[in-house]
Structure formats: C-alpha cells, structure tokens
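Structural overview for review
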Amino acid sequence: MLKRLVLFFLFIFNLISLFPQTGRGVYRFLDLPVSSRMAAIGGMNVSLRDNDVNFAFMNPALLTGETHGVIGLNMASYLADIKFGSAVYGHNFGENNFTSFGVQYVDLGKFEGYDELGNFTEDFTAKDIALYMSYARRLDDYFTVGATFKPIFSSYERYTSFGIAFDAGINYSRDLFSAGLVFRNMGAQLKAYYPDEQGQHREPLPFDIQLGVSKKFAHAPIRISGTLNNLNRWNVAGYQTDKTTTNLDGTTEEKKVKPVDMAFRHLVLGVELVPSDNFYIALGYNHRRNQEMTMEGFKSLAGFSAGAGLKLYKFHVGFGLTQFQVGNFAYQFSFSTDLNDFVSF
C-alpha cells in the first residue's frame, strides 16, 4: 500500500509542475459551495467521509460503498439574482471501485447589451458549466484515493472559453477520525475568451491544494472539521501585504495583513450537531471571507454560515445560509435520495 501511495503522489506532483500554480484565474465558479451542507460548514471540506455523494465534488476520494445509487440535486440563490447549482449521481463497480458523474453550473442571468455609443444592441446571457467524472478506489480499510476529470465551458455574450481540469485526492478514515488531501483544478484553459499578440490569451485555472481533518466525539453528537486551503500560495489577500493606497480624500493608507491574520485566511472551520443519521445542524466560519466582505462601520455576519438537514421518508433535504455583506444572503437548497430504495442497481 505504501508503494502505491508514493507512486500516486509522484504522479500528482509531476502534474502540478505542468500547470500554473498561482491559485487565481478563470473559472472561479468552481470554488462555489456545491451543496447546502457544504455551504453551512464554511464552503469547503475535503475530509468528511459519511456517505454524502455531494462531497465528491470537493474530493473524489470521499466516495464510498454507500454512495452507490445515490443522486444529489443542489440549487442556490446567489447575489444579484445569480443562480448556481449542481447535480451528481454515484455508481460503484464491485466493493472497491467507486464512481460518480456530476455537473456544476452558474447562471449569471440576462443582460442588456449596448455598443460603445450607448445604443442598445441585444440581450445576452453569461453562463459557466463543468462536468465531473470521478473515480475512487479503496486501497485498504483506511485509505481511499480518487481522481476527477472536468471539462469546463464558459460563455459570456459572444465570448466563449473551454478548459480541462483534474482533481486528485486521498482520504484516510479510521473510527471517528478522517483526513483528506486534494489537489484541485489542475489543468489549462484550452480556448481563451479572446486573442492577443501571442494568439490565445490563456489564463490559469484556480489551482488549489487543500488539506483537512474531521473528528466526531465518541460521547457527544458533535463533529468538528478544519480545512486548510491555498497551501500553494501564502498571500491570499486582495492586495499586497505591504501596499500603500490613496483614498478618495487624498489621504494614504497602508494595507498590511499580519502573518497570523494571513494564516487564518487559509483556514475554514465547521461544526455539526449530528444526533442521528437522519438530522444535522451545522455552523461554519470562513475567516478570509469575513475579512474581505466585512465593511467598516457596519455590523455583519460575513464569513459565518449555518444550515440544517433532515431525512423525510426516503429523501434527504438540506438548507444552507451564508451572509456575504450586510443584507446580502445566499440561500442554498439540497435534495438527495438513494435510488436503491426504489429499485436495485
């Protein structure tokens, strides 16, 4: 098993060397929460292994024998009437080979088009979509490895783009503890939105290395999770740590993020109350979102999130709530069911 893990990670690091590692770029919709539960625990989690097929969007190694035949549907009302969502289906082959097939999309809505003189031209739309084809294999009782292949298509008015991305992850689960490591969005933009002097104006994908742990208490119905993100990039602030800016009134202000603050911007925390397999209440905190979205002089819960889920008959329903700025909430709804409860696959 150790030899397999070494070969797996050597393969991953060779892939990383081929692609830009800035952690920024196009197709940022890939970072949106894929389900109401994911949104409730902070927006990302690569370690929680409890048979939720939606978590395969974040780490394909989180597929299990229990995700066979499970279908998940997720939809969200975002800021400014933006809609996004996902759908996924899990199917296994034997006891150790797990697959899932999913789609993630964002619809930015309809816009009125005008030319450079202010004359109305026509209405247009803006949309992004990514397909997910994931495979995971259980190596033994504790380790599972997985990979995802993601074709990506984007269309903004007459500008279109196409790209390919790959995810690769590993999960370790034992008793009430689990850990995960994933390399997300390795790949390239094959067709850019517009050309430049060199031909295609290609931009990097939002490559991200994430590491997380989850722990459920033995004598309390509580599970806590912590996820480190952007481990390939230290500075995740929207400005340089030593940059001086000029305000509208002519005064200057030094924008500086302390090292401790910068470190916590890489951390997402989540806690769940799980008294049974049929019910949960979740809370999350994303420090980076809090620091970037909080406005001085206004009270805000930016960075905090909450949600709950319940099993009704043969169906699981979930709700997630996230605040970005004062008065700006994103609502997310999820629905899932095990098709094996209706017909055998």
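Here the structure is shown first, and the text comes after it.
A short tour of the structure in this document, coming up. What you see is a predicted model, and the numbers here were worked out from it, not measured in a lab.

**Some thoughts on the environment of Ala-263**
Locating Ala-263 in the fold gives a position in helix 3 (residues 259-264). Distance in space between the C-alpha atoms of Ala-263 and Leu-228 is 9.4 Å, their sequence separation being 35 residues.

**Brief notes about the packing of aromatic side chains**
Evaluation of the coordinates by the stated rule reveals 15 aromatic pairs. Measuring from centroid to centroid gives 5.4 Å for Phe-111 and Phe-124, while their planes differ by 20°, and the two rings are stacked. On the criterion of sequence distance, the pair formed by Phe-111 in strand 3 (residues 97-114) and Phe-124 in strand 4 (residues 120-138) is long-range, its members being 13 residues apart. Residue Phe-111 is classed as partly exposed on the basis of its relative accessible area of 34%. Taking the centre distance of 4.7 Å and the plane angle of 45° together, the rings of Tyr-285 and Phe-304 count as tilted. Of this pair, Tyr-285 sits in strand 15 (residues 279-286) while Phe-304 sits in strand 16 (residues 304-312), and the two are 19 residues apart along the sequence. For Phe-304, a relative accessible area of 40% gives the class partly exposed. What links up through ring pairs into an aromatic cluster is the set Tyr-313, Phe-315, Phe-335 and Phe-342. One residue, Arg-37, lies across the ring of Tyr-280, its end atom 5.3 Å from the ring centre.

**Brief notes about the layout of surface pockets**
Reported here for the largest pocket is a volume of approximately 1200 Å³. Forming the walls of the largest pocket are 49 residues, and the residues nearest its centre are Arg-37, Asp-50, Asn-51, Asp-52 and Asp-277. In terms of residue count, strand 18 (residues 328-338) provides more of the lining of the largest pocket than any other element does, 5 residues in total. Its residues placed into classes, the lining of the largest pocket shows 13 nonpolar, 18 polar and 18 charged.

**So, the pairing of strand 10 (residues 208-216)**
Strand direction decides the pairing type here: strand 7 (residues 177-191) and strand 10, joined by 8 bridges, are antiparallel. Residue pairing in the sheet places Ser-178 in a bridge with Ser-214 of strand 10. Note that strand 10 and strand 11 (residues 222-228) share 6 bridges and pair antiparallel. Among the inter-strand pairings, Val-213 is bridged to a residue of strand 11, identified as Gly-226.

**A word on the environment of Met-293**
Following the sequence through the fold, Met-293 ends up in helix 4 (residues 287-293). Those residues in contact with Met-293 that lie beyond four places of it in its chain are Ala-302, Phe-324 and Gln-325.

**Quick word on the pairing of strand 3**
Put simply, side chains in a regular strand alternate between the two faces of the sheet. Looking at chain direction, strand 2 (residues 83-93) and strand 3 are connected through 11 bridges and run antiparallel. Following the sheet pairing, Tyr-89 is matched in strand 3 by Phe-101. Relative to strand 4, strand 3 is paired through 15 bridges, and the arrangement is antiparallel. Residue pairing in the sheet places Val-103 in a bridge with Leu-131 of strand 4. Connecting the antiparallel pair strand 3 and strand 4 is a turn made up of 5 residues, with Gly-118 showing a positive phi of about 85°.

**Here we look at unusual backbone geometry**
One non-glycine residue with positive phi stands out, namely Asp-175, at about 55°. Position of Asp-175 relative to the elements: it lies in the loop between strand 6 (159-174) and strand 7. Classification of Asp-175 as exposed rests on a relative accessible area of 77%.

**A closer look at the side chain of Arg-233**
Checked against the element boundaries, Arg-233 lands in the loop between strand 11 and strand 12 (243-246). It turns out Arg-233 is buried and unbridged, and the closest side chain with the opposite charge, Asp-208, is 7.4 Å from it. One polar contact links the side chain of Arg-233 to the main-chain carbonyl oxygen of Asn-235, over a distance of 3.0 Å.

**Thoughts on the nonpolar core**
It is characteristic of soluble globular proteins that their nonpolar side chains tend to be buried jointly. Core analysis: the largest hydrophobic core is formed by 38 residues, its most contacted members being Tyr-27, Phe-29, Leu-30 and Ile-152. At the level of secondary structure, the elements contributing two or more residues to this core comprise helix 2 (36-40), strand 1 (70-77), strand 2, strand 3, strand 4, strand 14 (267-276) and strand 15. Counting residues per element, this core draws most heavily on strand 4, which supplies 3 residues. Those residues within four positions of Phe-29 in sequence are excluded, and the remaining contacts are Gln-104, Val-106, Asp-128, Ile-129, Ala-130 and Ile-152. Counting 5 residues, the second largest nonpolar core, distinct from the first, contains Ala-168, Met-186, Phe-207 and Ile-209.

**As for the side chain of Thr-144**
Checked against the element boundaries, Thr-144 lands in strand 5 (residues 143-156). Taking the relative accessible area as the measure of exposure, Thr-144 reaches 2% and is therefore buried. At 3.3 Å, the side chain of Thr-144 and the side chain of Arg-49 are in polar contact. Thr-144 has contacts with Arg-49, Ala-61, Leu-63, Ala-136, Arg-137, Arg-138, Leu-139, Gly-169, Ile-170 and Asn-171, leaving out every residue within four places of it along the chain.

About the cut-offs
- Residues numbered from 1 in each chain as written.
- Predicted model: local features only at pLDDT ≥ 70, side-chain atom pairs only at ≥ 80, totals over all residues.
- Heavy atoms only, no water.
- Helix = DSSP H or I, 4+ residues; strand = E, 2+ residues; numbered from the N terminus.
- Phe/Tyr/Trp six-rings, centres within 6.5 Å; stacked < 30°, edge-to-face > 60°.
- Buried < 20%, exposed > 50% of the residue type's maximum accessible area, 1.4 Å probe, protein only.
- Lys NZ or Arg CZ within 6 Å of the ring centre and 35° of its normal.
- 1 Å grid on protein atoms, 1.4 Å probe; cavity = no way out; pocket = protein on both sides within 12 Å on 5 of 7 lines; lining within 4 Å.
- Points joined across faces, edges and corners; volume = space filled by probe spheres on them.
- Nonpolar A, V, L, I, M, F, W, Y, C, P; charged D, E, K, R; others polar.
- Pairing = 2+ DSSP bridges.
- Contact = heavy atoms within 4.5 Å.
- Lys, Arg positive; Asp, Glu negative; His and termini not counted.
- Salt bridge = Lys/Arg side-chain N within 4 Å of Asp/Glu carboxyl O.
- Polar contact = N/O pair within 3.5 Å; in protein donor to acceptor, adjacent residues only side chain to side chain.
- Core = buried A, V, L, I, M, F, W, Y, C linked by side-chain atoms within 4.5 Å.

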